[in-house]
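# A closer look at the structure
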Amino acid sequence: MYRLTRAAARTAVRAAVGLTVAALALTACGSGSKGSSSTAGSGSNDKIKVGLITKTDTNPFFVKMKDGAQKAATANNVDLVTAAGKFDGDNASQITAIENMTAAGVKGILITPSDSKAIVPAIAKARAKGVMVIALDSPTDPQSATDALFATDNLKAGELIGAYAKAAMAGKRAKIATLDLAPGVAVGQQRHDGFLKGFGISAGDKSIVCSQDTGGDQAKGQTAMENCLQKASDLNVVYTINEPAALGAYTALKAKGREKDVLIVSVDGGCTGTQAVKDGKIAATSQQYPLKMAEDGIKAVADYAKGGAKAAGYTDTGVTLITDKPQTGVDAKDTTYGLANCWG
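Below is a summary of the structure that appears in this document. (Residues numbered from 1 in each chain as written. Predicted model: local features only at pLDDT ≥ 70, side-chain atom pairs only at ≥ 80, totals over all residues. Heavy atoms only, no water.)

## Let's talk about the nonpolar core
Grouped together as the largest cluster of nonpolar side chains are 28 residues, with contacts concentrated most on Tyr164, Phe195, Phe199 and Val265. The dominant element in this core, judged by the number of residues it contributes, is helix α5 (residues 154-169), at six residues. Ignoring any residue separated from it by four or fewer positions in sequence, one finds Tyr164 in contact with Leu263, Val265, Ala283, Ala284, Leu321, Thr323, Lys325, Pro326, Gln327 and Val330. In terms of nonpolar packing, the next biggest core, distinct from the first, is built from 24 residues, Ala69, Val78, Ala302 and Trp343 among them. (Core = buried A, V, L, I, M, F, W, Y, C linked by side-chain atoms within 4.5 Å. Buried < 20%, exposed > 50% of the residue type's maximum accessible area, 1.4 Å probe, protein only. Helix = DSSP H or I, 4+ residues; strand = E, 2+ residues; numbered from the N terminus. Contact = heavy atoms within 4.5 Å.)

Here it is in structure tokens:
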């Protein structure tokens, strides 16, 4: 009788310990994770999740945007989930990222669309499930496909360098090469159209002697410039979609001994590109501010998730012409300002 009672007691103790451990485990599961968003649980106390999808994770512009988003996420006490395309124009990877983030329970998604039209159906599905979607840097087509847009006025960015190039040519006959982005990307079209407007010409103007797509890549920019020099060796103005393409163009021109007599203008305002303006490789660039885009976007989602109004419409995050050779009638700041406000 004594042995049976003792055995029973031991069994009861084990059962009690098991119940205590189980109760502690359940309590831990319901407490919410304070770690990264990729490991956050689904309890009621979990942080708000916000997604950021960039075109790539290698371009310094998007690297700085991600930095800004992480800084803002910390400041607003939200978890950040990130994804990127494998290359500029990789729409398929962005679609997958939207689907994965929606399934993970994000409250909002910030996206720099690689294909302004093709991404729209995936965004529509996310919004139908209650996810707020904000485009950064580049609008969707139509712009109303997202709840809001936080971006540079890319048409204005193009206009600034177009007007600068026109003034810098001082009445000389222009022979222009345009090194563009890729078909179907709104930001590339807006900058291109803005440049033409600022220069005072229209698409198809006879002063445009060559047009090539570069994907915003330096190596492709060099190849495009080489192709244009073969087609029109006496070209004297080069518009580029961004500074990597501009530096590729400069390399090709230097190889031909033309780097001193061809005017290169660009858009972005990264630290490498702004330094290239200071060094005389690029005449002028329109500087934009990816850090502000990301910070404003994260704050908008956090405010909405915490009971605030949903962001809507377009927010201009600013653009400034940077050059050390200012032209009359074109507002600009020098590279001292540009380097103090650059990114990358």
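## Let's talk about the packing of α5 against helix α6 (residues 186-199)
Packed helix pairs are characterised by how far apart their axes lie and by the angle those axes make with each other. Viewed as axis vectors pointing N to C, α5 and α6 meet at an angle of 35°, and their least axial separation amounts to 6 Å. The handedness of the crossing between α5 and α6 is right-handed. Residues Asn154, Leu155, Gly158, Glu159, Ile161, Gly162, Ala163, Ala165, Lys166 and Met169 of α5 form the contact with α6, whose participating residues are Val187, Gln190, Arg191, Asp193, Gly194, Phe195, Lys197, Gly198 and Phe199. Its residues placed into classes, the contact of α5 with α6 shows eight nonpolar, six polar and five charged. (Axes fitted to C-alpha atoms, helices over the stretch in contact; angles between N-to-C directions. Left-handed = near helix turned anticlockwise from the far one by under 90°. Nonpolar A, V, L, I, M, F, W, Y, C, P; charged D, E, K, R; others polar.)

## What to know about helix α10 (residues 290-305)
A turn of α-helix holds 3.6 residues, and therefore any two residues three or four places apart point the same way. With 16 residues, α10 extends 23 Å from end C-alpha to end C-alpha; this agrees with the ideal 22 Å at 1.5 Å per step. Pro290, Met293, Ala294, Gly297, Ile298, Ala300, Val301 and Ala302 are the residues of α10 that are buried. Those residues of α10 that are buried are in contact with β1 (49-54), α2 (60-75), β2 (79-84), β3 (108-111), β4 (132-136) and β5 (148-151). Immediately beyond the C-terminal end of α10, within one or two residues, lies Gly307, with a positive phi of roughly 105°. (Expected span 1.5 Å × (residues − 1).)

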